[in-house]
Amino acid sequence: MRTPVYYFSCREYDKEKLKDIVNILFKNMNFKGKKVLLKPNMLQGHDPGQNVTTHPAVVEACAECVLEKGGECFIGDSPSGRGKENARRAASKTGFLEICEKLGIEFDFFDGQELVEKPVENGLVFDSFFIPESFFSYDMIINLPKLKTHSLTVFTLGVKNMMGVIAGKGKTDFHTRALHPESFADAICDLYSVARPDFTVLDGIRGMQGPGPVSGIEVRAGFILGSEDANALDAAAETLCGADPRRVPITRKAAERGLGSLEYMLDPVLGSPPCGLKFKKPLTYRSAASAMVPRWLLYPLGLIYGYMRIPSVDREVCTGCAKCIQVCPADAIQFKKGRPRIIMKKCVKCYCCAERCPERAIGERFSRLP
Ligand code: SF4
Ligand code: SF4
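What comes next concerns the included structure. (Residues numbered from 1 in each chain as written. Chains lettered and ligands numbered in written order. Predicted model: local features only at pLDDT ≥ 70, side-chain atom pairs only at ≥ 80, totals over all residues.)

A word on the nonpolar core
Piece 1. Judged by nonpolar contacts, the single largest core of 105 residues is most densely connected at Leu 38, Cys 62, Ile 188, Leu 225 and Cys 353.
Piece 2. It is helix α2 (residues 56-68) that provides the largest number of residues to this core, a total of 8 residues.
Piece 3. Both domain 1 (3-270) and domain 2 (288-361) contribute no fewer than three residues apiece to this core.
Piece 4. When sequence neighbours within four positions are dropped, the list of residues in contact with Leu 225 reads Val 5, Tyr 6, Tyr 7, Leu 202, Gly 204, Leu 233, Ala 236 and Ala 237. (Core = buried A, V, L, I, M, F, W, Y, C linked by C-beta atoms within 7 Å. Buried ≥ 20, exposed ≤ 12 C-beta atoms within 10 Å, placed from the backbone. Helix = DSSP H or I, 4+ residues; strand = E, 2+ residues; numbered from the N terminus. Domains from an automatic or database assignment. Contact = placed C-beta atoms within 7 Å.)

A word on the packing of α2 against helix α4 (residues 96-103)
Piece 1. Contact geometry for α2 and α4: axes closest at 10 Å, N-to-C directions at 30°. By the angle class used here, α2 and α4 are roughly parallel. Helix-helix and strand crossings are classified by hand; for α2 and α4 the assignment is right-handed. Taking contact as the criterion, the partners of Pro 56, Val 59, Glu 60, Ala 63, Glu 64 and Leu 67 in α2 are, on α4, Phe 96, Ile 99 and Leu 103.
Piece 2. Its residues placed into classes, the contact of α2 with α4 shows 7 nonpolar, no polar and 2 charged. (Axes fitted to C-alpha atoms, helices over the stretch in contact; angles between N-to-C directions. Parallel < 35°, antiparallel > 145°, perpendicular 65-115°, else oblique. Left-handed = near helix turned anticlockwise from the far one by under 90°. Nonpolar A, V, L, I, M, F, W, Y, C, P; charged D, E, K, R; others polar.)

Looking at the site of ligand 2
Piece 1. Near ligand 2, the surroundings consist of 14 residues, among which Cys 318, Cys 321, Lys 323, Cys 324 and Cys 357 are the closest.
Piece 2. The residue makeup of the shell around ligand 2, split by class, is 9 nonpolar, 2 polar and 3 charged. (Near = placed C-beta within 6 Å.)

Description of the site of ligand 1
Piece 1. Near ligand 1, the surroundings consist of 13 residues, among which Cys 328, Ala 330, Cys 347, Cys 350 and Cys 353 are the closest.
Piece 2. In terms of residue class, the shell around ligand 1 is made up of 12 nonpolar, no polar and 1 charged.

Quick notes on the packing of helix α7 (residues 181-192) against helix α9 (residues 249-256)
Piece 1. Between α7 and α9, whose axes approach to 9 Å, the crossing angle comes to 50°. For the element pair α7 / α9, the angle class is oblique. As for how α7 packs across α9, the hand of that crossing is right-handed. Contact residues: Pro 181, Glu 182, Ala 185, Asp 186, Ile 188, Cys 189 and Tyr 192 in α7; Pro 249, Ile 250, Lys 253 and Ala 254 in α9.
Piece 2. Partitioning the contact of α7 with α9 into residue classes produces 8 nonpolar, no polar and 3 charged.

Re the environment of Leu 225
Piece 1. Tracing the backbone shows Leu 225 in strand β12 (residues 223-227).
Piece 2. Considering only alpha carbons, one finds Leu 225 and Phe 8, 217 residues apart in sequence, at a separation of 6.4 Å.

Next comes the structure, spelled out in structure tokens:
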């Protein structure tokens, strides 16, 4: 049976309209007396207008609905940098802290807590994860990703959004243990097998195309999707953006491992889904022609796929703050004349530097050079 994914046309962050949409999505959910966590995409904390993080209007509409239905609501995520102050700044910049103050609810930074070891059954990269204990205190998890591309994973949507439950240095382990987009997808699926949401609502009103997750270009996709199955929702969003979900490693692998479906039934509750949405994929996305070339021919030779896309610093935009150096898991960034220089031989193309950069100065470019 195909998993339902509910489609709502929504072109603006209009509070009343968002409330109506969320009320329909949560109609059959029983929040009464339950601790409910809203898990948006906070990343490093960016202004909502930059389309990097889940828009606060979507988060607020969900929070109000949970409260009105008698739930105890929390918002929580951890950014790519470390420390509580860093997390507080990120939550403030995204507008999430303001929502908490307005509605009298708490923000869970996940940082500095006792960690609970959660074993991964048949994990491909990780045998277990250390997850902040508060995560297990919630009765329900509502996942609130943003529609965005990602230079490493092609898209970053519902399944990948759960990476935010790993606080601090734990995120770096993903990149040091899973260097390739395929193994990184395995690692994300390992985590998703132990940290799954009850429901996912995708903020696709305005998203990001091209070299995401931070330096891409705005796309006014104009929709909200909702589903109990984050992977089916991801597959639907990718298809709406003109991509084949089977060529997006996380989506394909999650389905292969039985963590979600690739088959979905798009239920247009409000408006009609766009046909032929113009959407620029990141360079990581393999075209139909390149997908016909067997992987064994591409990777062992270390050709094309590995070396075609590389991170690139816009020296005009860069302010020389050095934050990218702090998060690089491969020690691949040096400073020269007050600006970062990426050592390509060391770089594992994880794009953590791009996620951390407050100026959005790191994008990607094609190169045949190793
Ligand atoms: S330079 Fe950037 S993309 Fe390369 S390994 Fe470091 S953080 Fe990752
Ligand atoms: S984080 Fe961004 S602005 Fe800061 S040094 Fe690195 S590239 Fe430049």
